[in-house]
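Architecture at a glance
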Amino acid sequence: MSISITTPLYYVNDKPHLGSTYSTLAADAYARYLRLKGNDIVFVTGVDEHGQKIQRTAISKGISPSEHCNKISSQYVDLWDNWNISNDKFVRTTSKKHRRIVEEFFLRVKEKGDVRLGNQQGWYCVGCEEYKEEVGSDKEPICPIHLKKLEWRDEENLFFCLSKYQKEIEKLISNDSFIQPISRRNEIKSFVSNGLRDFSISRIDVDWGIDVPGYNGHTFYVWFDALLGYLSALIPENQDLGLDDLINLGWPADVHIIGKDILRFHAIYWPAMLMSAGLEIPKKVFGHGFLTREGQKMGKTLGNILDPQLLLEDYGEDAIRWYLLSDIKFGHDGDFQIKRFKELVNSNLANTIGNLLNRTSSMARKWFDNKVPKYSIKDTNNSLKELSLITIDEVILFYDDLYLRECSQAILKLSSSANLYLNETAPWQLVKDDANKELVAFYLYNVLETCRIIALLINPLVPNLSINILKQLHTEHHINDWSENLKWGKLLMGADLPNPHPIIQKIE
RNA sequence: GUCAGUGUAGCUCAGCCGGUUAGAGCACAGCAUUCAUAACGCUGAGGUCGAGAGUUCAAGUCUCUCCACUGACACCA
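So, here's what we can say about the structure. (Residues numbered from 1 in each chain as written. Chains lettered and ligands numbered in written order. Predicted model: local features only at pLDDT ≥ 70, side-chain atom pairs only at ≥ 80, totals over all residues. Heavy atoms only, no water.)

A separate point is the packing of aromatic side chains. This structure, assessed with the given rule, holds 32 aromatic pairs. Consider the rings of Tyr-10 and Trp-80, whose centres lie 5.9 Å apart with planes at 55 degrees: the pair is tilted. Of this pair, Tyr-10 sits in strand S1 (residues 3–11) while Trp-80 sits in helix H3 (residues 65–82), and the two are 70 residues apart along the sequence. Of the two residues examined, Tyr-10 and Trp-80, each falls in the buried class. Pairing Tyr-22 with Phe-330 gives two aromatic rings, centres 6.1 Å apart and planes at 70 degrees, and the pair type is edge-to-face. Highlighted residues: Tyr-22 in helix H1 (residues 18–36) and Phe-330 in the loop between helix H10 (317–327) and strand S15 (334–336), separated in sequence by 308 residues. Residues Tyr-22 and Phe-330 agree in their burial class; the two are buried. One Lys or Arg, Arg-116, reaches over the ring of Phe-159 and ends 4.8 Å from the middle of that ring. Its end group placed over the ring of Phe-368, Lys-437 keeps NZ or CZ at 5.1 Å from the ring centre. (Phe/Tyr/Trp six-rings, centres within 6.5 Å; stacked < 30°, edge-to-face > 60°. Helix = DSSP H or I, 4+ residues; strand = E, 2+ residues; numbered from the N terminus. Buried < 20%, exposed > 50% of the residue type's maximum accessible area, 1.4 Å probe, protein only. Lys NZ or Arg CZ within 6 Å of the ring centre and 35° of its normal.)

Here's what the structure looks like:
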């Protein structure tokens, strides 16, 4: 039975930024891990394409909304392609299948009695495109940001009766594993404890959206559109399948990986909507942090945005993936520092891991006829093997909880230990005496095998680099099944050992 | 404003129920060394643990006040 994991469906108002890339990289790492563990998974990403903002952006550019969406969406497709993201699905909320799912979902929720007509009233700022909650008691309130008069609006909307689900949601979020990381769970809890209110699910002044069946002039508002993309993504193209089929297609999601800004919608609105529609609830919602650059928020006004496509071209996928996933605790905010980025990539990947492979492979080739050394002594006292096996268990536990930083630290520690092991056993000294040949073979084999383990463990984080290592051990075919290949001793003694080369180019 | 969180070496962070001279990795300096990608290893320098007060035989670790930053406080993806 398959399970799905998702990134957010990115809003195509503008071209992809580093934040979206970060979410996607993390989800990709987790997806790769799950596959290696033998899970049948569906990795979903995609785009959210409706709404007034997009309509207006398109108009300002003098093109139609659908032209605009096509353009930006294809940028996302290309970007993920360039980054070798392993997504199985890329859903667009303008697709036909999505519309069908939204309609079916709506009718179910309506049937359940969870939709009502209501009025969205309040002081509205056209500039902010939002209702202002606290405007004081002025008769003509002013937007504090735009310093313009607010408009009083009284608009008929459809509402989803979230308030009915107070108890169910409280129960759901009291489950420790549902919202991660824990620190954010408290925020959600306090929010829910203040009492849930119904929220609007349609707009009457937005053309660029999905029409609400039976309500002329209404289009669905974001939450009853974008979130459902997680469902429609699972529906194969051109097949007449609906909500009842989802259980066989990967629903419920194992985890929604999202940014912390949209946690509430995923942890409260979305589960309630699913309950109403009689569908299962995702197992987990993980809200990760935001990235800053050299201590400052990235933004257009500051002109300090890091373009993911340019980063990729300048430094390559392995370097950026490693830095973002290994140096930033997943769930916390992180700061992109170019100096630190370069130092860590060079130190961790090139020096510690890369050089370990290089020096060991060189010795083995030199003294064992370009082959993996053979030995026949008993490995009853094999400290490196023991450490490798411990690390495997550790890393798997970390991956399970999406502790990606901890994964990389554990892998790095094993690499350092292997380097130290070489320095302590000093095979280049032993080899001077033929009587030690067997021992030298034993030591070198252990380190080479550790390199293979390292390559497998690191694969979800830096897949390209991982394959690169495996190729240099002639074991690239080992990369599909951890339960089979993540065992000590799978490296064949006497197998050919190719001429080693650096697994990653040092930066600068 | 209310609530929550964070503030520990240049950088990124560990420090559990308070208990010997405060730790790691990276960066830096020196030593050593060649199997290796000027890599690996060893040693070292570097901190009044945001500020102040209090509790205690003893506080980075508990309490209070203050400062700085971050987040939540419902329709912003």
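Surveying the vicinity of RNA strand B reveals 52 residues, the closest of which are Tyr-11, Gly-195, Tyr-221, Arg-264 and Asn-423. Among atoms of RNA strand B positioned within 4 Å of the protein, sugar and phosphate together represent 68%. Contact between RNA strand B and Asn-355: a sugar or linking oxygen at 2.6 Å from a side-chain N or O atom of the residue. When contributions to the surface near RNA strand B are tallied by element, the ones reaching two or more residues are strand S5 (130–132), helix H6 (182–193), strand S8 (199–200), helix H8 (263–277), helix H11 (338–367) and helix H13 (404–425). With 13 residues, H11 is the largest single contributor of residues to the surface near RNA strand B. Considered class by class, the residues forming the surface near RNA strand B number 19 nonpolar, 12 polar and 21 charged. (Near = heavy atom within 4 Å. Polar contact = N/O pair within 3.5 Å; in protein donor to acceptor, adjacent residues only side chain to side chain. Nonpolar A, V, L, I, M, F, W, Y, C, P; charged D, E, K, R; others polar.)

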